[in-house]
Amino acid sequence: MIARLCRPLVMGLLPVALIACMNSPPTSAEPSASVPLGIDLGGSGPVIASVRPELSPDAIDTEAKVASPQYRNMPMAHAGHNDAHGTGTVNSVDPAQHKVNLSHNPIPEIGWPAMTMEFPVAPSIDLTAIKPGTRVNFTIEQQPGGMYEIRAITPAGGGR
Amino acid sequence: MKPFAPLAITRRRFMQGAAAGALSLIPFPLRSALAAPAPVLSGTDFALEIGTVPLTINGRQAVGTGVNGQIPAPILRWREGDTVTLAVTNRLSEASSIHWHGVRTPSPMDGVPGLSFGGIAPGETFVYRFPVHQSGTYWYHSHSMFQEQTGLYGAIVIAPKAGYAQAFDRDYVVLLSDCSAEPPETIVSNLKFQSDYYNYGQRTLGTFIADAQRAGLADTVADRLEWGKMRMSPTDILDVSGATYTYLINGQPPGANWTAIFRPDERVRLRFINGSSMSIFDVRIDGLPMTVVQADGNDVAPVTVDQFRISVAETYDVIVQPAANRAYTIFAQAEDRTGYARGTLAPRPGMSAAIPPMDPRPMRTMADMGMTGMEHGEMPGMELSPEGKRLEGKVGVDNVAMMPAERLQSAGEGFPSGRRILAYADLRAIKPGSDPRAPTHEITLHLTGNMERFIWGFDGKKFSEAGPIELKRGDRVRFVLINDTMMEHPIHLHGLWSELENGHGEYRPYKHTINVKPGERLSYLVTADAPGRWAFHCHLLYHMETGMFREVHVA
């Protein structure tokens, strides 16, 4: 009974509440008043001293990095070249798509931390010599689309 | 105006509360019983009211399930070290419940009807009360019927007592979900009727010709025959797709453009939560690398990626530092590429950036079938392991992975190469685990299913056919999961942490939900330090409801 009385109240109170699931048609102009805004829960406050890992330079938006003076000295795939060298261990090889999956050490030239990632490999490279578990030295080169491709890859000796 | 019903704690409810422990007997302040429609609730005392919410989804009227009239439910902000009291009133005409996902509560406060308590009957109030011993990003949702699908989910943000490990200037919850105008009962009955009902990416004669031109006719025929023999479709990535779902960020469809404001160079923490019922998302922000600092509420060594896959019920906290005075699109594609959730990071409201094209649709490979390295010709002669033979032929099992592989280095299928994608192997806890003991025994479970019948289970058994997994209090055990199915399964163990064995020694990440890829074998350690009856299940709602659920009993 009380629940029934209260239901209209809830509905009345909550015109705001459910835009959820409501497919408002995307308008071209998107007037700012109608855009649902996220609620900022605020900053971190003082950070605990023991662990304060700084964001890697890589975490900073690359496009703006070029323009912003504080990052002007950042090695952007070192000046004049767009290749970089790394070492790592092969996790898997996909001959059909000509790709390899590597766990690589940090690549300071381009500010990358150690990562596991998949790379396309230049068509000229024979992948049959590359087996999962092999430690490798490799060179990657940035492609026009911004992606990195392996241009050279050789066993470095020693397994995992 | 009369406020809401004075807490309708009935005698029966009181008795259950008494059984659950004296904590829930503590009277709840009546003034808090007026459920306020605030999108963020902070403090130690909360009044939450579960009720229906009318919705319009793609022009169709539907009835959702919300908390305090809201979908998603309000963000709850707690502090580590506090004791929180939550009076939950059920205004629905059916029983309800709330489970605090990833939060380590005493078993009677865990909110699973039938295991932790009796559920919350219509018109009744159940008072949850428990101390908060952890910090991080979590969420809460109904554990009754399909109420989670229809909107009963919300974020929990617990501030760390000692302070954050990373500095940030702003902090936003990004809660992803899926939403449909079709009632969940209709969706599940469609799946039972035809498991690929929502799969409109099926391979056809046209794609057969295209594949034959690319791969050669013989290989294409062999490939199709092999999939045909196994009665599966390689395009079956998610059971329920954008054919019925609209994907949401904080309750907003892509067109609404949910926006988070930043000033250039600020560090922005984004707390991604996948509160979907059935949808796994691949998240990226075009032009903005993301530094993952937390997974499932626990800090990890920061790792910078371009994209991550977030399975159902997982959480990832990332920090981004957009330097340009422009808008960035937060783009969360459904794994099967049938739709996406979209929001915007922008210096001002009303801005938007281009919405990138969707990535190629992932295809299941033979590795997903647990057949890594096998040639087509080897099929007939393959020998199954004894436990595989035990499972084969059960009605609930239509496939057994013959060579399950460790695949933690891989983020899964469907990513273009050259992007840095988060893999489970990248997650390294920032502090060593709290229990250095080696496990004394192993529990191996196969994740099994019969796709055609839409039956799911562990070891070929539905929940109704299996007894509980018994653990002794204080036990240290290793769970080994082998996924024999073609679908991913986010496996959630209530009440106890799952410490993923991903190659980082004692720096194993602590998780509450572990996504097991098709054909994958993985393991995690569990300390049975909390007594009670705990749910253990696949967090894909319709998999759980059709059998992939067990009880873990710690005595």
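If you're wondering where the values come from, they're calculated on a predicted model, not measured in any experiment.

### As for the overall build of chain A
Then, in step 1: For chain A, the helix and strand inventory stands at two helices and five strands.
Then, in step 2: Counting over 160 residues, chain A shows a buried share of 29%.
Then, in step 3: By sequence separation, contacts in chain A at least 24 residues apart represent 48% of the contacts at least 6 residues apart.

### What about the overall build of chain B?
Then, in step 1: Of regular secondary structure, chain B possesses six helices and 31 strands.
Then, in step 2: Counting only residues that meet the buried cut, chain B has 57% of its 555 residues in that class.

### Let's talk about the sheet that holds strand S24 (residues 476–483) of chain B
Paired through their backbone hydrogen bonds, the strands of a sheet run either parallel or antiparallel.
Residue and element names in this part refer to chain B.
Then, in step 1: Reading across from one edge, S22-S21-S24-S29-S26-S27 is the order of the six strands in this open sheet, with mixed pairing throughout. Each edge of the sheet is formed by a strand with only one pairing partner; in this case those strands are strand S22 (455–458) and strand S27 (510–511).
Then, in step 2: Of the pairings in the sheet, the one linking strand S26 (residues 498–500) to S27 comprises two bridges and is antiparallel in character. Across the sheet, the residue bridging to Glu 499 is Tyr 510, located in S27.

### Focus on the sheet that holds strand S1 (residues 40–42) of chain B
Residues and elements named next belong to chain B.
Then, in step 1: An order of S1-S4-S9-S8-S6 is seen for the five strands of this open sheet, with the pairing classed as mixed. Pairing within the sheet leaves two strands with one partner each, and these edge strands are S1 and strand S6 (99–101). Within the sheet, the average angular offset between the axes of one strand and its neighbour, ignoring direction, is 25°.
Then, in step 2: Judged from the five bridges that link them, strand S4 (residues 73–79) and strand S9 (residues 153–159) form a sheet pairing that is parallel. Looking across to S9, one finds that Trp 78 is bridged to Ile 158.

### Brief notes about the nonpolar core
Generally speaking, soluble globular proteins have nonpolar side chains that are buried together.
All names here are of chain B.
Then, in step 1: In terms of nonpolar packing, the biggest core is built from 168 residues, with Ile 156 and Val 292 touching the most fellow members.
Then, in step 2: Per element, the largest residue contribution to this core is seven residues, and it comes from strand S2 (residues 45–57).
Then, in step 3: Every residue in contact with Val 292, bar those within four places of it in the chain, is listed here: Val 300, Pro 302, Val 303, Val 305, Phe 308, Tyr 316, Val 318 and Leu 422.

### Looking at the environment of Asp282(B)
Residues and elements named next belong to chain B.
Then, in step 1: Relative to the elements of secondary structure, Asp 282 occurs in strand S14 (residues 281–285).
Then, in step 2: On the basis of neighbour counts, which here come to 23 C-beta atoms within 10 Å, the residue Asp 282 falls in the buried class.
Then, in step 3: In sequence terms Asp 282 and Thr 513 are 231 residues apart; their C-alpha atoms lie 17 Å from each other.
Then, in step 4: Residues within four places of Asp 282 in sequence aside, it is in contact with Gln 307, Arg 309, Gln 333, Glu 335, Asp 359 and Gly 414.

### A short note on the environment of Pro436(B)
Residue and element names in this part refer to chain B.
Then, in step 1: For Pro 436, the position within the fold is in the loop between helix H5 (386–391) and strand S21 (441–450).
Then, in step 2: Among the residues examined, Pro 436 registers 8 C-beta atoms within 10 Å and is labelled exposed.
Then, in step 3: For the pair Pro 436 and Thr 344, spaced 92 residues apart in sequence, the C-alpha separation works out to 43 Å.

### Digging into the confidence of the model for chain A
Reading predicted coordinates in detail is not appropriate for stretches of low pLDDT.
Residue and element names in this part refer to chain A.
Then, in step 1: Summing up the model confidence of chain A, the mean pLDDT is 67 and the portion of residues at 70 or higher is 54%.
Then, in step 2: Segment residues 1–32 is flagged for pLDDT under 50; beyond a separation of four residues in sequence, or across chains, it makes 59 contacts in the model.
Then, in step 3: The low-confidence segment residues 51–57, where pLDDT is below 50, has 13 contacts with residues more than four positions distant or belonging to other chains.

### Here's the deal with the pairing of S24(B)
Then, in step 1: One ladder, built from seven bridges, connects S21(B) with S24(B); its direction is parallel. Within the sheet, the bridge partner assigned to Leu445(B) lies in S24(B) and is Leu481(B).

### Topic: unusual backbone geometry
All names here are of chain B.
Then, in step 1: A cis amide bond links Ile 71 to the next residue, Pro 72, at an omega of -5°.
Then, in step 2: The topology assignment puts Pro 72 in the loop between strand S3 (60–67) and S4.
Then, in step 3: We note that Asn 257 has phi near 55°; this positive angle belongs to a residue other than glycine.
Then, in step 4: Residue Asn 257 is classed as buried on the basis of its 26 C-beta neighbours within 10 Å.

### Considering helix H2 (residues 184–193) of chain B
All names here are of chain B.
Then, in step 1: When H2 is considered as a whole, its buried residues turn out to be Pro 184, Ile 187 and Leu 191. Down the axis of H2, the buried side of the element spans an arc of 60°, and every buried residue falls inside it. Residues of H2 that are exposed and point more than 90 degrees away from the buried face comprise Glu 185, Thr 186, Ser 189 and Phe 193.
Then, in step 2: Here the buried face of H2 lies against helix H6 (541–545).

### Considering the confidence of the model for chain B
All names here are of chain B.
Then, in step 1: On average, residues of chain B score 85 in pLDDT, and 81% of them reach the 70 mark or higher.
Then, in step 2: Of the regions scoring below 50 in pLDDT, residues 1–36 engages in 54 contacts with residues more than four places distant in sequence or in other chains.
Then, in step 3: Across residues 373–382 the pLDDT falls below 50, and counting only partners more than four positions away or on other chains, this stretch makes five contacts in the model.
Then, in step 4: In the predicted complex, the global pTM is 0.74; the interface-specific ipTM is 0.81.

### Section: the environment of Thr448(B)
Residue and element names in this part refer to chain B.
Then, in step 1: Assignment of secondary structure puts Thr 448 in strand S21.
Then, in step 2: For Thr 448, a count of 28 C-beta atoms within 10 Å corresponds to the buried category.
Then, in step 3: Separated by 293 residues in the primary sequence, Thr 448 and Ala 155 place their C-alpha atoms 31 Å from one another.
Then, in step 4: Excluding residues that lie within four positions of it along the chain, Thr 448 makes contacts with Leu 391, Gly 396, Val 397, Gly 457, Phe 458, Asp 459, Gly 460, Asp 484 and Thr 485.

### Quick look at the pairing of S3(B)
Residue and element names in this part refer to chain B.
Then, in step 1: Taken together, the eight bridges between S2 and S3 define a ladder with antiparallel strand orientation. Its bridge partner lying in S3, Ile 57 is registered against Arg 60.
Then, in step 2: In this antiparallel pair of consecutive strands, S2 and S3, the connection spans two residues, and Asn 58 shows a positive phi of 50°.

Criteria and cut-off values
Residues numbered from 1 in each chain as written. Chains lettered and ligands numbered in written order. Predicted model: local features only at pLDDT ≥ 70, side-chain atom pairs only at ≥ 80, totals over all residues. Helix = DSSP H or I, 4+ residues; strand = E, 2+ residues; numbered from the N terminus. Buried ≥ 20, exposed ≤ 12 C-beta atoms within 10 Å, placed from the backbone. Contact = placed C-beta atoms within 7 Å. Pairing = 2+ DSSP bridges. Axes fitted to C-alpha atoms, helices over the stretch in contact; angles between N-to-C directions. Core = buried A, V, L, I, M, F, W, Y, C linked by C-beta atoms within 7 Å. pLDDT = per-residue confidence, 0-100. Arc of directions from axis to C-beta.

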